[in-house]
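Coordinate analysis (summary)
In case you want the letters, here they are:
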Amino acid sequence: MTKLQLPSNSKMLDKSFTYGVATASFQIEGGKEHRLDCIWDTFCNTDGKIADSSNGEVACDHYNLWQDDVALIDSLGVDAYRLSISWPRVMLQDGTLNQDGVDYYLNIINALNDRNIKVYVTLYHWDLPQYLEDTGGWLNRQTAYAFAHYVDLISKAFKGKVHSYATLNEPFCSSYLGYEIGVHAPGIVGKEYGRKSAHHLLLAHGLAMQVLKENTPETMNGIVLNFTPCYPASNSEADLYATDFADQYFNQWYIKPIFDKCYPDIIKDLPTEHQPDIQSGDMEIIAQSIDFLGINFYTRAIYKAHPDDIYEQLPAPAPLTDIGWEIYPKAFSELLVSLDSKYQLPPVYITENGAAMDDSIDQGVVNDDDRLSYYQQHLNAVNDAIEQGVDIQGYFAWSLMDNFEWAEGYLKRFGIVYVDYETQKRTIKKSGLAYKELISNR
Ligand code: FCB
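All values derive from a computational prediction rather than experimental measurement.

Let us now look at the pattern of salt bridges. Where charged atoms from two side chains of opposite charge approach closely, those side chains can pair. Enumeration according to the criterion identifies 24 salt bridges in this entry. Residue K191 pairs with D309 through a salt bridge whose shortest N-O separation is 3.7 Å. One end of the pair, K191, is in helix α9 (residues 191-215); the other, D309, is in the loop between β8 (301-306) and β9 (310-313), with 118 residues separating them in the sequence. Looking at K191, the relative accessible area reads 37%, which means it is partly exposed.

Printed below as a string of structure tokens:
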């Protein structure tokens, strides 16, 4: 296989459909000496947290190589680039802007605009300033107000240069992985922390939306949520109940408040100590209207009933990617159709989709047919959802290039561009060449 193809009548072949590539600050930048510490620096420095004991101090050295990387992005022919802003790079602890950090991003944004590449900014992709974690991080309600303040200053600094803002990337990961099971920074463990931190993240989203509406009504403003659709191991009543509970807990928890102004029904079943601290007016703030919804999709999960713990997730069946996630594209179209029927969705953008594969480079060539096939199947799934009436207006491949894959370190490669971490040389993989061709053949 060498090509990515869509039916000739596909809406995804219209020029108005946006194709892009995505990255996140901590995963690619390095340049640590030019910013304050974030929770991922601390987490990486804690023994046993990162699979290869690595950190983000150099990463893809995008801090120094950004001009080459912008040219690389342009060479792929994409319409848009989704990047995230490192809060500890652009803000000082006294609540003022760090102009050097702001200029760093302005240079990148200007270079993208010069090349007619639309700039999709994510304001929070997990790199919380460490000084805010020191006062409780997302368990502290004040962090939501600190976020809104940062968004106020940065959106003014970027005025007129950005196409779209996403407040948060995947609040599920920040709260559940970071504050409930502790496999992500800041590594806090306890059922009593997951929903509390999630509520403050969603409040931060709502407060930031208010700021964006005021400061930059001309940009497309919204949020990026991830979904891992839940499927039952059998049709028994117990398994169906377990699966529905997991879906409410892991998926609907983060979207329902935004569209329906309330948490899913299972909130009633949670012990008081596990409940979020909801203050009067919070749900109205969270449920601000949004201009777009970003959806990240990688895989599904299968559940069965568990005698003590409501649900139990089964091991993922084959075929698997290199990170152990099942390849099951049908769940992608089913997810999109189901969200569309449950909620009054604004236009949807697929803000992340892609696969970790065990790539090897041979004489300057990366033949990642497995990733190419993943992309083909998932582009088809998006096309199916569009045909079923879901308003999807864009698709971003995760990721532009191999990078620091959080708790997996540099062991898992998600790029459509290969990175040799010794030399920082970038090589477009076969999947990247096919993506480029799909885009240029429209
Ligand atoms: C998502 C993250 C992104 C990347 C992919 C593989 O959850 O948003 O940064 O790590 O997974």
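What follows continues from the structure just given.
On inspection of all chains with the given rule, the structure shows 47 aromatic pairs. Centroid distance F172 to Y254: 5.9 Å. Interplanar angle 85 degrees. Geometry classified as edge-to-face. With F172 in helix α8 (residues 171-180) and Y254 in helix α10 (residues 237-260), this pair connects stretches of sequence that are 82 residues apart. Of the two residues, F172 and Y254, neither departs from the other in class, the shared state being buried. For the ring pair F404 and W406, a centre distance of 6.2 Å and an interplane angle of 75 degrees mean the geometry is edge-to-face. Across the pair, W406 and F404 agree in class, each one buried. Three or more aromatic residues joined by ring pairs form one cluster here, namely F26, W40, F43, W126, F404, W406, Y410 and Y421. Between the NZ or CZ atom of R195 and the centre of the ring of Y249, over which it lies, the distance is 3.5 Å.

To continue, consider helix α7 (residues 142-157). A turn of α-helix holds 3.6 residues, and therefore any two residues three or four places apart point the same way. With 16 residues, α7 should reach 22 Å at 1.5 Å per residue; the first-to-last C-alpha distance of 23 Å fits that figure. Where α7 is concerned, the buried positions are T143, A144, F147, A148, Y150, V151, I154 and S155. Buried residues in α7, looked at end-on, bunch into an arc of 165 degrees, giving them a common side. Of the surrounding elements, those touching the buried residues of α7 are α4 (87-90), α5 (99-114), β3 (118-124), α6 (130-133), β4 (164-169) and α9.

If you trace the eight strands once around the closed barrel, you get β1-β2-β3-β4-β5-β7-β10-β11, paired in parallel fashion. Neighbour-to-neighbour, the strand axes of this sheet turn through a mean angle of 25 degrees, independent of strand direction. In the sheet, strand β1 (residues 18-22) pairs with strand β11 (residues 392-398) via five bridges, with the strands oriented parallel. By the bridge assignment, G20 is partnered in β11 with F396. Taken strand by strand, α8 contacts β3, β4 and β5 (220-227), and its axis lies near 45 degrees from that of β5. Lying on the sheet, helix α14 (residues 430-440) is in contact with β1 and β11; it crosses β1 at an angle near 155 degrees.

Bringing the nonpolar core into the picture now. The biggest cluster of nonpolar side chains holds 134 residues, and the ones touching the most others in it are W40 and F147. For this core, the element with the most residues is α9, which contributes 10 residues. With 19 residues, the next largest nonpolar core counts A24, M220, F292 and A356 among its residues.

Around the ligand lies a shell formed by Q27, H125, W126, N169, E170, Y298, E352, W398, E405, W406 and F414. Here an oxygen atom of the ligand sits 2.8 Å away from a polar atom, N or O, in the side chain of H125. Of the residues assigned to the shell around the ligand, the class counts are five nonpolar, three polar and three charged.

What counts, and at which threshold
Residues numbered from 1 in each chain as written. Predicted model: local features only at pLDDT ≥ 70, side-chain atom pairs only at ≥ 80, totals over all residues. Heavy atoms only, no water. Salt bridge = Lys/Arg side-chain N within 4 Å of Asp/Glu carboxyl O. Helix = DSSP H or I, 4+ residues; strand = E, 2+ residues; numbered from the N terminus. Buried < 20%, exposed > 50% of the residue type's maximum accessible area, 1.4 Å probe, protein only. Phe/Tyr/Trp six-rings, centres within 6.5 Å; stacked < 30°, edge-to-face > 60°. Lys NZ or Arg CZ within 6 Å of the ring centre and 35° of its normal. Expected span 1.5 Å × (residues − 1). Arc of directions from axis to C-beta. Contact = heavy atoms within 4.5 Å. Pairing = 2+ DSSP bridges. Axes fitted to C-alpha atoms, helices over the stretch in contact; angles between N-to-C directions. Core = buried A, V, L, I, M, F, W, Y, C linked by side-chain atoms within 4.5 Å. Near = heavy atom within 4 Å. Polar contact = N/O pair within 3.5 Å; in protein donor to acceptor, adjacent residues only side chain to side chain. Nonpolar A, V, L, I, M, F, W, Y, C, P; charged D, E, K, R; others polar.

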